[in-house]
Structure formats: structure tokens, C-alpha cells
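Coordinate inspection notes
Each chain is listed here by its residues.
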Number of protein chains: 2
Amino acid sequence: MAGPDALQELGGLLARLPGIGERTAQRLAFHMLGQPPGYAAELGRVIAQLHARVQRCGRCGNFCEGPLCRICEDPRREAGVLCIVARVQDLMALERVGAFRGRYHVLHKLLAPLEGVGPMDLPLDALLQRIEPEGVRELIIATPLSVEGEATALYITEVVRSRGIAVSRIASGMPHGGELEYADPITLGRAFDGRRAL
Amino acid sequence: MAGPDALQELGGLLARLPGIGERTAQRLAFHMLGQPPGYAAELGRVIAQLHARVQRCGRCGNFCEGPLCRICEDPRREAGVLCIVARVQDLMALERVGAFRGRYHVLHKLLAPLEGVGPMDLPLDALLQRIEPEGVRELIIATPLSVEGEATALYITEVVRSRGIAVSRIASGMPHGGELEYADPITLGRAFDGRRAL
């Protein structure tokens, strides 16, 4: 493009974001330039400082800006129940639902042998070290219902077996409003196997 | 959301970009945090410096990082022919086509009385001041084929009338590959009126 280097650089960097192609990246770069300078100044500052400001909670792995996250610092959250999630985004989805009042443990990874992610890459030592001081008596494993998520859930179940902790797995079945006709066979099979007495 | 302030701020700022909703903004914020820190550091720096680096060419209004843009500085570009465009994006689209070898004049605005944009808001003094020193003998008006673009084209034609300059307007008609069946009536009417002898 015939434009100045700054616009070219910005377009190239924005095009590396997921779901943003070259044309969209260029449109966004021109849009930023067309806004009052304060917007780009603030956006640039927040992006540049992102990694310095956001850390992982020393207890559960959630993102935070201090040593502990807001959930771990909240005395109203139940200490004896931990919900294990793969990503902070999953934690936030559960918080939006508002059904869980315990604490979390964020893995940030799932077992994926083909990608070189083995058991040692999961923060399970940190999990085990929480059991006694926090009086953990129940684990709810909310990793995704994918191959990696299921393998990770099984592995964690093995690790905490013999510690007298109740372990459960979030339910798998038909989504709300789901039509049986269009469900994939695995989902429908799980919904059938997991039927509950009424 | 339960996340740290930095992610919330970033999500809020990104959601102000065109075509980016709140969920996409949050996804982008998490993506930036998940990348090596160098990416966000560079992206933030380039965005924050955007307005300081990018200026308008003192001659034609194109974006540039020095006093004159690359096109105005290029001695191979013909000085006697100016193409008038509304936006730098339009200039770049014409450059991609590569058919025009003259120079440009970027208006950055179109006549829009209802939005308070009148003739005095167009850089037409700057245009007139280019005529003699650059030996301008031809104007090609490539403002968009919208109401505002057409009104602006007509106004500029009036302004330069009596100066002995050839003025032309880019052609209006059916786009390449366009089906007559699906063309809007204005486009089809213009294509018909503008027919050329074969």
C-alpha cells in the first residue's frame, strides 16, 4: 500500500489478531487515525501495559492485578469446593451463570500429548497443595467436553483419588433448546446414557 | 466481568472499534494476553504513536510521515493532472489499480449541508493554489458516486470553471460482472445513459 509506514505497521500487526483479515486491519487502522488522538493514545497505552498489569493469582491461576484474584480474596466464597477450569474465559462464563459459590483452579492447559503437553505441565502440585490449608473436600471438574478436556478430567480424578475428596464432572448432554434431529451422535449418546429418573 | 481492570479497560476500548462487539473485544483482549508480551508491547506502541507519526501531506492531503507524501515526492508522477478523492483510502484503491500516473488532492470531506459541512470546509483554496506552480491542466474528480460525492464534484467543477482546466468525472455504470437483474435502478439508468459507441 502507498500509505505511510505507521499505517502499514499497524495494519500488519492488527491482521495477526484472530478473525481480522488484511482489509479489516487496514479499515481499523484508518478508523483509529480518524478518531480524536486521545482514543489511540489510551488504547495503545492499555495494550502496551497489558502484560505488566495482568498477573496470575498465586493461589488459583485466575488473572488479577495483585497477588490474589478477587474471587480468592472474597471471604464470602466457600473454601471447601474447587471448580477446575481450563481457561480464565471458562471461569468468567461460570461466574456469569452465578451458580457456583466456591473457588476455582485454572489449569491454563489441557493434556495434549501430541502437542507435547503432559501431566507435568498441569498445575496439579499447586492444586494438591491447596487441599489441606483450604480444607478442600469437593472438586467439580469443568474442563471442556473435548478429548483433551475429558482426558484431563480423568487424569485429575486419578491424582486426587485416595485423598477422600468428592470429585464430580459437569454434565454432558443436549444443550438448552437443542433439537435431537440436529444433535451430533456423541452428544445425543451422552444425553441418553446420562438420563435421570423423574 | 470478574476479570482484572486491565482486561476490562482493553475490552471496553476495543468494543468501540467498528464491527467489533463486546464478545469479540473480550476475545481479542484475551488473545493479546495469551501471546508473547512482545506483540502487545509493539502493537500498543504503534497505536499510541499513530497520530504523532502520521501527518497530512502539505501539498495534497495524503497521509505521510514527512512534509510531503511519497506520491508528491515522486518525480515520475505527472504534475499536470490531479485526481480529486474524498479519502486516503480511495487514493490507495486507485493506486492498487495503477492506472493513474498523476498526483492527487485529498478532500478528507464531502459537501454535506445537513451535517454542517459546507464549501468552506473543503480544501479548495489549497487546490487552487496548486494550479499555477504545478501547471495543472486537468482534474479527474473521483469522489464517490453518492449524493455528497456528486454534489462535491459539481461544486468543484463550478469553482475551476473559467480557469481553462479540463475536468472529468469517473464513469458511473454497471460494475464488472454485475447482473442487470440485480442492479439498482439508479446504477442501471446511469449505465444506460452513459452508453458508448462501439
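See the structure above.
Each value, and the rule that gives it
- Residues numbered from 1 in each chain as written.
- Chains lettered and ligands numbered in written order.
- Predicted model: local features only at pLDDT ≥ 70, side-chain atom pairs only at ≥ 80, totals over all residues.
- Heavy atoms only, no water.
- Pairing = 2+ DSSP bridges.
- Helix = DSSP H or I, 4+ residues; strand = E, 2+ residues; numbered from the N terminus.
- Axes fitted to C-alpha atoms, helices over the stretch in contact; angles between N-to-C directions.
- Contact = heavy atoms within 4.5 Å.
- Buried area = accessible area lost by both parts, 1.4 Å probe.
- Salt bridge = Lys/Arg side-chain N within 4 Å of Asp/Glu carboxyl O.
- Polar contact = N/O pair within 3.5 Å; in protein donor to acceptor, adjacent residues only side chain to side chain.
- Nonpolar A, V, L, I, M, F, W, Y, C, P; charged D, E, K, R; others polar.
- 1 Å grid on protein atoms, 1.4 Å probe; cavity = no way out; pocket = protein on both sides within 12 Å on 5 of 7 lines; lining within 4 Å.
- Points joined across faces, edges and corners; volume = space filled by probe spheres on them.
- Core = buried A, V, L, I, M, F, W, Y, C linked by side-chain atoms within 4.5 Å.
- Buried < 20%, exposed > 50% of the residue type's maximum accessible area, 1.4 Å probe, protein only.

Bringing the sheet that holds strand E6 (residues 166-169) of chain B into the picture now. All names here are of chain B. Across the sheet, which stays open at both edges, the four strands sit in the order E4-E3-E5-E6 with parallel pairing between neighbours. The sheet is open, and its two borders are formed by strand E4 (103-106) and E6, each paired with just one other strand. Strand-to-strand, the axes of this sheet are offset by a mean angle of 25 degrees, without reference to chain direction. As defined by bridge partners, strand E5 (residues 138-141) adjoins E6 across four bridges and the pair is classed as parallel.

Tallying the contact residues gives 51 residues for chain A and 51 residues for chain B. Each partner contributes to the roughly 4,900 Å² buried at the junction of chain A and chain B, and carbon and sulfur atoms together form 70% of this total. Along the contact surface separating chain A from chain B lie four salt bridges. Residue Glu9 of chain B is joined to Arg53 of chain A by a salt bridge in which the shortest nitrogen-to-oxygen separation is 3.0 Å. Taken together, the links from chain A to chain B amount to 14 residue pairs in polar contact (both at pLDDT 80 or more). Every element with two or more residues in the side of chain A that touches chain B is listed here: helix H1 (5-14), helix H2 (22-34), helix H3 (37-48), helix H4 (50-53), strand E2 (63-64) and helix H6 (88-97) of chain A. Of the residues assigned to the side of chain A that touches chain B, the class counts are 31 nonpolar, eight polar and twelve charged.

Think of a ball as big as a water molecule: rolled over the atoms, this probe shows where empty space is left. For the coordinates displayed, the defined rule picks out one cavity of 30 Å³ or more. A volume near 50 Å³ is recorded for the largest cavity. If you go around the largest cavity, the residues you meet are Leu14, Leu17, Ile20, Leu28, Met32 and Ile47 of chain A together with Leu14, Leu17, Ile20, Leu28, Met32 and Ile47 of chain B. Counting residues per element, the ones that place at least two in the lining of the largest cavity are H2 of chain A together with helix H2 (22-34) of chain B. Residue composition of the lining of the largest cavity, grouped by class: twelve nonpolar, no polar and no charged.

Across soluble globular proteins, nonpolar side chains have a tendency to be buried as a group. In terms of nonpolar packing, the biggest core is built from 76 residues, with Leu10, Leu14, Met32 and Leu43 of chain A together with Leu10, Met32 and Leu43 of chain B touching the most fellow members. Counting residues in each nonpolar core, the second largest holds 18 residues, with Ile84, Leu122, Leu139 and Ala153 of chain A among its members.

It is worth spelling out the layout of surface pockets at this point. Considering only enclosed or pocket space, the largest pocket measures out at about 910 Å³ in volume. Arg87, Val88, Gln89 and Asp90 of chain A together with Phe30 of chain B are the residues nearest the centre of the largest pocket, which is lined by 40 residues in total. Residue assignment for the lining of the largest pocket shows that the elements contributing at least two residues are H6 and strand E4 (103-106) of chain A together with helix H1 (5-14) and H2 of chain B. The dominant element in the lining of the largest pocket, judged by the number of residues it contributes, is H2 of chain B, at ten residues.

Nothing here speaks to function; it is geometry throughout.
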